[in-house]
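What the coordinates show
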Amino acid sequence: MKVLIAGGAGYIGSHTAHQMIANGHDVVIVDNLATGHRSAVHPKAAFHEGDVRDRDFLDRVFAAEPDIEAVIHFCAWSLVGESMEKPLKYYENNVGGAIVLLEAMIDAGIDKIVFSSTAATYGEPTSIPIREDDPTSPTNPYGETKLAMEKLFKWASVAHGVRFVSLRYFNACGAAEGGGIGESHATETHLIPLILQVPLGKREQIYMFGDDYDTADGTCIRDYIHVDDLAQAHEKAVEYLAAGGTSDIFNLGNGLGFSVREVVEVARKVTGHDIPAVVAERRAGDPAVLIASSDKAREVLGWNPQKADLKKIIESAWVWHQNHPDGFDD
């Protein structure tokens, strides 16, 4: 199958592209490299540098790459804190980009899209584990834009027959086996790579934002999911749509919750480094606990995550960061 991956030079997008190519799919990547990296692009992928908000660019890509059957959409700004400060930036890029992409797809006759959504659509959960039919009430503009994008896909499905799968995943982490590609952000905000910057000598300590949450040790609890397992889910979702599957929404997580303190402690064991951890004020928009029920994805998509062990997740990330202490070269 020939699949276009929008944002295929980014963290999760590049892992998905590598996995799909390894499994025999033809992959076309579009990325403006704002947060992605050219060296993360698989050498067997057709790469087009440009922005999904640029309709002329998308039309040229679809004309140059006939027989694309489906799109996987990763292009979105994704920093919770920044979204609180710059909500207009997030609506313009995330929602605006989705509109332009859908218009170009419809005109090109492409009717299948898999969307990279987020647990942030739920906001402060009403029950744990979180299920797909639980209320959605985001606590930050990032989550609001992702929820708006899901609704765009729903109405495009009603009006134009575009079938979609929205994957609401929890905390992506880890790196591909062998350390060839991994997580590399110019401004890092994700917990595990931030922790690993301490043993790499890039920071003296790690900050834990809040220790007064209603959790066992007072720090936030999250469900950590290995990036390779996320990549598998995107591939399964494309195959599900190709087989005639109807539009749907799925959670992706391991159903296991680890607190910030617990993650720091496991990282200490993996790296052999005494990682100082300092409590700081809470960040705006951070729910206390986010843990997924992924039963639906397992049953409907046949998704079978293989890398749920937190120690092994951090070990894979540690290999990547040791080999690439400054991230990708570009």
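See above for the structure.
This text gives an overview of the structure that appears in the document.

1. A word on the overall build of the protein
Secondary structure assignment for the protein yields 10 helices and 14 strands. With the principal axes as the frame, the protein shows a C-alpha extent of 55 × 40 × 40 Å. Buried residues in the protein amount to 55% of all 330 residues. At a minimum sequence separation of 6, the contacts of the protein that also span at least 24 residues come to 77%.

2. Overview of unusual backbone geometry
Cis geometry marks the peptide bond from Ile 128 to Pro 129; its omega dihedral reads 0°. Within the element layout of this structure, Pro 129 appears in the loop between strand S5 (112–118) and helix H5 (141–160). Although it is not a glycine, Leu 33 adopts a positive phi angle of roughly 60°. Along the chain, the position of Leu 33 falls in the loop between strand S2 (26–31) and strand S3 (46–49). Taking relative accessible area as the criterion, Leu 33 reaches 21% and is therefore assigned partly exposed.

3. Quick look at the pairing of strand S1 (residues 2–6)
In terms of burial, S1 is largely enclosed, as 5 of its 5 residues are buried. Side chains Lys 2, Leu 4 and Ala 6 of S1 all project onto a buried face; the interleaved residues Val 3 and Ile 5 project onto the opposite face, where all are buried too. Handedness of the crossover joining S1 and S2 through helix H1 (residues 11–22): right-handed. Here S1 runs beside strand S4 (residues 70–73); their pairing, made up of 4 bridges, is parallel. Residue pairing across strands places Ile 5 opposite Ile 72, the latter belonging to S4.

4. Some words on helix H2 (residues 55–64)
Looking at H2, one finds that the buried residues are Phe 57, Leu 58, Val 61 and Phe 62. End-on view of H2: buried residues confined to an arc of 130°, all on one side of the axis. More than 90 degrees from the buried face of H2, the exposed residues found are Asp 56, Arg 60 and Ala 63. Buried residues along H2 sit against S1, S2, S3 and helix H4 (87–108). At the N-terminal boundary of H2, the capping side chain belongs to Asp 54, with an oxygen 3.2 Å from the backbone nitrogen of Asp 56.

5. Thoughts on the sheet that holds S4
Strand order in the open sheet formed by 7 strands is S3-S2-S1-S4-S5-S6-S11, with parallel pairing between adjacent strands. Both edges of this open sheet fall to S3 and strand S11 (248–252), since each of them pairs with a single strand only. Strand-to-strand twist of the sheet, defined as the mean angle between neighbouring strand axes without regard to direction, takes the value 20°. Here H5 sits on the sheet and contacts S4, S5, strand S6 (163–169) and S11; the angle it forms with S5, its principal contact strand, is near 160°. Where helix H7 (residues 227–242) meets the sheet, its contacts fall on S1, S4, S5, S6 and S11, and the angle it forms with S6 comes to roughly 160°.

6. Focus on the pattern of salt bridges
Following the criterion strictly, the structure yields 16 salt bridges and no others. Between Lys 2 and Glu 65 there is a salt bridge whose closest N-O contact spans 3.1 Å. On the criterion of sequence distance, the pair formed by Lys 2 in strand S1 and Glu 65 in the loop between H2 and S4 is long-range, its members being 63 residues apart. Taking the relative accessible area as the measure of exposure, Lys 2 reaches 17% and is therefore buried. Classification of Glu 65 by relative accessible area gives buried; the value is 13%. One salt-bridge network, in which partners are shared between bridges, spans Asp 51, Arg 53 and Glu 92.

7. Comments concerning the packing of aromatic side chains
Throughout the structure, instances matching the rule amount to 4 aromatic pairs. Judged by centre distance (5.0 Å) and plane angle (55°), the rings of Phe 115 and Phe 153 are tilted. One end of the pair, Phe 115, is in strand S5; the other, Phe 153, is in helix H5, and 38 residues separate them in sequence. Taken individually, Phe 115 and Phe 153 each receive the classification buried, so the pair is uniform in this respect. Consider the rings of Tyr 240 and Phe 250, whose centres lie 6.1 Å apart with planes at 85°: the pair is edge-to-face. Of the two residues, Tyr 240 is situated in helix H7 and Phe 250 in strand S11; the sequence distance between them amounts to 10 residues. By the burial criterion, Tyr 240 is buried, and Phe 250 matches it. Each residue in the set Phe 115, Phe 153 and Phe 164 is aromatic and connected to the rest through ring pairs, giving one cluster. A cation over an aromatic ring shows up here: Lys 89 above the ring of Trp 77, its NZ or CZ 4.5 Å from the ring centre. The aromatic ring of Phe 250 is capped on one face by Lys 296, whose charged end is 5.2 Å from the ring centroid.

Conventions and cut-offs
- Residues numbered from 1 in each chain as written.
- Predicted model: local features only at pLDDT ≥ 70, side-chain atom pairs only at ≥ 80, totals over all residues.
- Heavy atoms only, no water.
- Helix = DSSP H or I, 4+ residues; strand = E, 2+ residues; numbered from the N terminus.
- Buried < 20%, exposed > 50% of the residue type's maximum accessible area, 1.4 Å probe, protein only.
- Contact = heavy atoms within 4.5 Å.
- Right-handed = clockwise from strand over helix to strand, strands pointing away.
- Pairing = 2+ DSSP bridges.
- Arc of directions from axis to C-beta.
- Polar contact = N/O pair within 3.5 Å; in protein donor to acceptor, adjacent residues only side chain to side chain.
- Axes fitted to C-alpha atoms, helices over the stretch in contact; angles between N-to-C directions.
- Salt bridge = Lys/Arg side-chain N within 4 Å of Asp/Glu carboxyl O.
- Phe/Tyr/Trp six-rings, centres within 6.5 Å; stacked < 30°, edge-to-face > 60°.
- Lys NZ or Arg CZ within 6 Å of the ring centre and 35° of its normal.

Function cannot be inferred from these measures alone, as they are strictly geometric.
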